[in-house]
Each structure stands twice: as structure tokens, then as C-alpha cells.
Amino acid sequence: MGFPLTGMTLKNMVSKPVTKRYPFEPQVYTELTRGHIHNDMEKCILCGICEKTCPAVALAVNKEAGTWTIDRYSCVQCMACVRNCPPRSQSLSMKPEYAPAVVSMSAETFTKPTEAN
Ligand code: SF4
Ligand code: SF4
């Protein structure tokens, strides 16, 4: 019978840390990271399918106002909206980086650009 704790302690003292010194070392995301939903508003046709298929009720589409709104604090990163965005639009994608931290937990609204703006 040895001293397993002594061995473990000595091993930990000489091995590299498994954690990252964030933010001094930047985080590296993989292609599979479910960071945040992005909508390319130029391509979005405001059909509302994403709103109807979102299980977390995190999306709202207003065709008249030309807006698409996401509540990132309700989103569960399931990607149902990305999968159901129609092929003629394909404006939704999952970006592999996390959205920047914000002060208030309000939903974000994006407006479809028109010829005028
Ligand atoms: S499903 Fe796609 S095209 Fe339709 S409103 Fe949502 S983001 Fe826009
Ligand atoms: S990823 Fe899922 S939860 Fe988030 S907005 Fe899309 S459908 Fe809703």
C-alpha cells in the first residue's frame, strides 16, 4: 500500500494546468460549438417559420415592421430554427462564438434592410 495522495499531489505540481488562463489566453472554438444564432437580414424573407418552430419561444417575427427578434436568454441552442429556415432564404446560422456579454437581458431586434435604408 503506497501513498496515492502524495503521488497525485506531486504529479499535479509538475503537470500543466488543464484550465485556460482566460482572458489572457483566447478561447478557441470548434466548428461544432453552439455559440449564438445569427440571422442574415438581407436574406431573411420574414416568413415566420423560425418563430413557429422555436421550442423556447425565443423568436418573434414582425413582417409588417420588417423585424426579427431573438431573446438570447431563452434560446436553448437547439438549432431547430436553422434547420427549418426555408431553402430559398437560409438566412439563419449557428455561429461558433458566444455572443458578447451585455448589461441588460433584453431581446435583440434586427430590421430587414429596404431599398430606402
Ligand atoms: S425562417 Fe428564416 S427566412 Fe423565415 S423569418 Fe425565420 S429567419 Fe427569416
Ligand atoms: S436555436 Fe432553438 S431555441 Fe434558439 S432560437 Fe433557434 S429554435 Fe429557438
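What you see is a predicted model; the values in this text were computed from it and never measured.

> Can you walk me through the overall build of the protein chain in this structure?
Looking only at helices and strands, the protein chain features 3 helices and 5 strands. Along the protein chain, from the amino end to the carboxyl end, the secondary structure elements read α-β-α-β-β-α-β-β. In terms of overall size, the protein chain is more extended than a compact globule, its C-alpha atoms giving a radius of gyration of 21 Å where 117 residues would be expected to give roughly 13 Å. Pairs at least 24 apart in sequence give 71% of the contacts found in the protein chain among residues at least 6 apart. Here the protein chain displays about 9000 Å² of accessible surface, and carbon together with sulfur accounts for 59% of that area. Of the charged side chains in the protein chain, 13 are positive and 10 negative, and the gap between their average positions amounts to 9 Å.

> Would you mind showing me how to read the site of ligand 2 here?
In the vicinity of ligand 2, the contacting residues are I37, C54, P55, A56, L59, C75, V76, Q77, C78, M79, A80 and C81. Grouping the amino acids of the shell around ligand 2 by side-chain chemistry returns 11 nonpolar, 1 polar and no charged.

> Whenever I open this one, the pattern of salt bridges confuses me. Can you help?
Pairing is possible between side chains that carry opposite charge, provided their charged atoms lie close to one another. One pass over the full model with this rule turns up 1 salt bridge. With a closest N to O distance of 2.6 Å, E108 and R72 form a salt bridge. With E108 in strand β5 (residues 108-111) and R72 in the loop between β3 (67-70) and α3 (80-84), this pair connects stretches of sequence that are 36 residues apart. On the basis of relative accessible area, R72 is assigned to the partly exposed category, the value being 22%.

> Mind showing me how you'd approach the sheet that holds β5 here?
Within a beta sheet, neighbouring strands are joined by backbone hydrogen bonds and run either parallel or antiparallel to one another. Strand order in the open sheet formed by 3 strands is β2-β3-β5, and the pairing between neighbours is antiparallel. Of all the strands in the sheet, just β2 (59-62) and β5 have a single pairing partner and so form its edges. Strand-to-strand, the axes of this sheet are offset by a mean angle of 15°, without reference to chain direction. Bridge count for β3 against β5 is 4 bridges, and the pairing is antiparallel. In the strand pairing of β5, W68 is matched with F110.

> So what exactly am I meant to see when it comes to the side chain of N39 here?
Among the secondary structure elements, N39 is positioned in strand β1 (residues 36-39). Here S91 takes part through its side chain, which lies 2.8 Å from a polar atom of the side chain of N39. Setting aside its immediate chain neighbours within four residues, N39 contacts C44, W68, S91 and L92.

> Is there a simple way to think about the site of ligand 1 in this case?
Around ligand 1, the structure places 14 residues, and the nearest of them are C44, C47, C50, C85 and S89. Residues belonging to the shell around ligand 1 are distributed by class as follows: 10 nonpolar, 4 polar and no charged.

How each quantity is defined
Residues numbered from 1 in each chain as written. Chains lettered and ligands numbered in written order. Predicted model: local features only at pLDDT ≥ 70, side-chain atom pairs only at ≥ 80, totals over all residues. Heavy atoms only, no water. Helix = DSSP H or I, 4+ residues; strand = E, 2+ residues; numbered from the N terminus. Rg over C-alpha atoms; globule rule 2.2 N^0.38 Å. Contact = heavy atoms within 4.5 Å. Areas by Shrake-Rupley, 256 points an atom, 1.4 Å probe, with all protein chains shown as cover. Lys, Arg positive; Asp, Glu negative; His and termini not counted. Charge placed at Lys NZ, Arg CZ, Asp CG, Glu CD. Near = heavy atom within 4 Å. Nonpolar A, V, L, I, M, F, W, Y, C, P; charged D, E, K, R; others polar. Salt bridge = Lys/Arg side-chain N within 4 Å of Asp/Glu carboxyl O. Buried < 20%, exposed > 50% of the residue type's maximum accessible area, 1.4 Å probe, protein only. Pairing = 2+ DSSP bridges. Axes fitted to C-alpha atoms, helices over the stretch in contact; angles between N-to-C directions. Polar contact = N/O pair within 3.5 Å; in protein donor to acceptor, adjacent residues only side chain to side chain.

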